[in-house]
Amino acid sequence: MRPRIGYKKLAAVGVAAVVGVASTIALTSGSASASPVFGYSGYSYGTDVESGLANSGPQVISKFGCTTDANKADKNDIAAANVNGQAIARSVKTDTHGFNNASGTGVTSTAVAADVRVGNLLTLTGVKTTTTSKYSKGQLSYTGSTTFAGVRIGAITVPSLLNPKPNTKVAVPGLGYIVLNRVGGVKTASGIYSYAQAVVLHATVKNQYIPQGVDVAVLKTRAEISKPATALVIGDAYGTKATADKLVVSDATSLQTTCQGTEGKTVRVAVGELNIPKVAYVGGVYTTKNGAIGADKSYINFTSHVAGVKVGNLSIGAIESSASAWKTKDNKAGVSSSSTIASIKVGNKTYKVPTGENKTLDIPGIARLTFNQVMRQKRYIAVNALVIDVYSLNTKVVVGHSAAGVVS
């Protein structure tokens, strides 16, 4: 029977909680001599634009970053997930949860939709995709799969695709092609992560539904579990996130999280330009992560890069942020962060970018800007390079988020 892992929650407070500087994270209590811990993380999306400009960020998302709490869970559901103004997926539900039972300990992420449609070109009904990563009896493993109740391409029903083999590529006249049941897993010395996507739409020809050159992942899931370790690395990075009151307008773009690091390799996730409908135009976005857990030292570095943002007449130049954390076997530790913004313009007027942490600038009638918004906790730091409060829309846009920490 596995030992019960004590933990405490660190949550952003004040304005940090409102704009999402840091998700709630669970940390073990105790000293460096605490029992080995497992790390759990995962997410599931309804839709996610992976390239090009398609008037949408990730939608219907359930997620949690690295936690030592095997009971961590998140759910979401919505009537429709829209891409480029089109209701691509309907009656979408997502679920990500950890577990610790007789089968082992790990994470399962699931996404379902009543149907996925691209006009009259493609109809998928009763869609479900799921992936699990787990640790059991000293071994790491993963599973992933997608099933459909019905598949129709144009006017043709294709029953042979109800349980497609992994990474099945199918031509769709008038759109380009699709890849069904895109699944896989990556095992490292520190743990394992798996992914499963019901369908990826590749718009290679001009059509009225998805811009040519754009790829859209529909029902996208990921699950990650680390091996037991004396210290875990935590954190996340994303390019942009927009909320109106408590409603998510566009969720985290180019999101990356971790529990186990990257074995010292740099992992890059990028998306092309996107429009946050009625809110902002965002240039290309990419994030990176680099880190490792080990007997002598654990460390993690996250970065976020946004080519630029436009909100009405407000133009923001290139935006970047970074966050780092480390800990050695002799209990020495540290965290650091940074952020930069190239320029701020409203029409032909240029504004000076303030320096220092948590600086603000009010642009009358347009927005309130908060620069280098930082939150610190023990062995954890999070930074938003820029937070834009759009007055007329009662909307917040977080740009250039990076966070990093070490758990032991």
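Our subject is the structure that appears above.
Residues numbered from 1 in each chain as written. Predicted model: local features only at pLDDT ≥ 70, side-chain atom pairs only at ≥ 80, totals over all residues. Heavy atoms only, no water.

S.K.: Which residues make up the overall build of the protein chain, and what are the values?
M.R.: From N to C terminus, the protein chain includes 1 helix and 33 strands. Here the C-alpha atoms of the protein chain give a radius of gyration of 21 Å, agreeing with the 22 Å that 2.2 N^0.38 yields for 408 residues. The C-alpha extent of the protein chain, read off along each of the three principal axes, is 65 × 65 × 30 Å. Taking all 408 residues of the protein chain together, 55% fall into the buried category. Relative to all contacts within the protein chain whose residues are 6 or more apart in sequence, the contacts with residues 24 or more apart total 57%. A total accessible area of about 16800 Å² is found for the protein chain, and carbon and sulfur atoms account for 51% of it. (Helix = DSSP H or I, 4+ residues; strand = E, 2+ residues; numbered from the N terminus. Rg over C-alpha atoms; globule rule 2.2 N^0.38 Å. Buried < 20%, exposed > 50% of the residue type's maximum accessible area, 1.4 Å probe, protein only. Contact = heavy atoms within 4.5 Å. Areas by Shrake-Rupley, 256 points an atom, 1.4 Å probe, with all protein chains shown as cover.)

S.K.: Give a detailed account of the layout of surface pockets, specifying residues and quantitative values.
M.R.: Its boundaries defined by the atoms lining it, the second largest pocket holds a volume of some 640 Å³. In terms of lining residues, the second largest pocket is bounded by 33 residues, among which Tyr193, Arg222, Gln256, Val267 and Val269 are the most central. When the residues that make up the lining of the second largest pocket are grouped by side-chain class, the tally is 13 nonpolar, 10 polar and 10 charged. (1 Å grid on protein atoms, 1.4 Å probe; cavity = no way out; pocket = protein on both sides within 12 Å on 5 of 7 lines; lining within 4 Å. Points joined across faces, edges and corners; volume = space filled by probe spheres on them. Nonpolar A, V, L, I, M, F, W, Y, C, P; charged D, E, K, R; others polar.)

S.K.: I'd like a rundown of the pairing of strand E32 (residues 380-390), residues and numbers included.
M.R.: Counting buried positions along E32 yields 11 of 11 residues, so the element is predominantly enclosed. Where strand E31 (residues 367-377) meets E32, 10 bridges bridge the pair, whose relative direction is antiparallel. For Val374, the partnering residue across the bridge sits in E32 and is Val383. Linking E31 back to E32 in an antiparallel pair, the connection comprises 2 residues, with Arg379 at a positive phi of about 60°. The pairing of E32 with strand E33 (residues 395-407) spans 10 bridges and is classified as antiparallel. (Pairing = 2+ DSSP bridges.)

S.K.: Lay out the environment of Val92 in plain terms, naming residues and giving numbers.
M.R.: Position of Val92 among the secondary structure elements: in strand E6 (residues 86-101). The class for Val92 is buried, based on a relative accessible area of 0%. Each C-alpha atom, one on Val92 and one on Val127, is 9.4 Å from the other, the two residues being 35 residues apart in sequence.

S.K.: Could you give me a rundown of the pattern of salt bridges, with the residues and numbers involved?
M.R.: Using the criterion set out here, one finds 11 salt bridges in the structure. The residue Arg90 makes a salt bridge to Asp115 at a minimum N-O spacing of 3.1 Å. With a gap of 25 residues between them, Arg90 in strand E6 and Asp115 in strand E7 (residues 104-118) connect regions that are remote in the sequence. We note a salt bridge from Lys396 to Asp389, for which the minimum N-O separation is 2.3 Å. On the basis of relative accessibility, which here comes to 16%, the residue Asp389 falls in the buried class. (Salt bridge = Lys/Arg side-chain N within 4 Å of Asp/Glu carboxyl O.)

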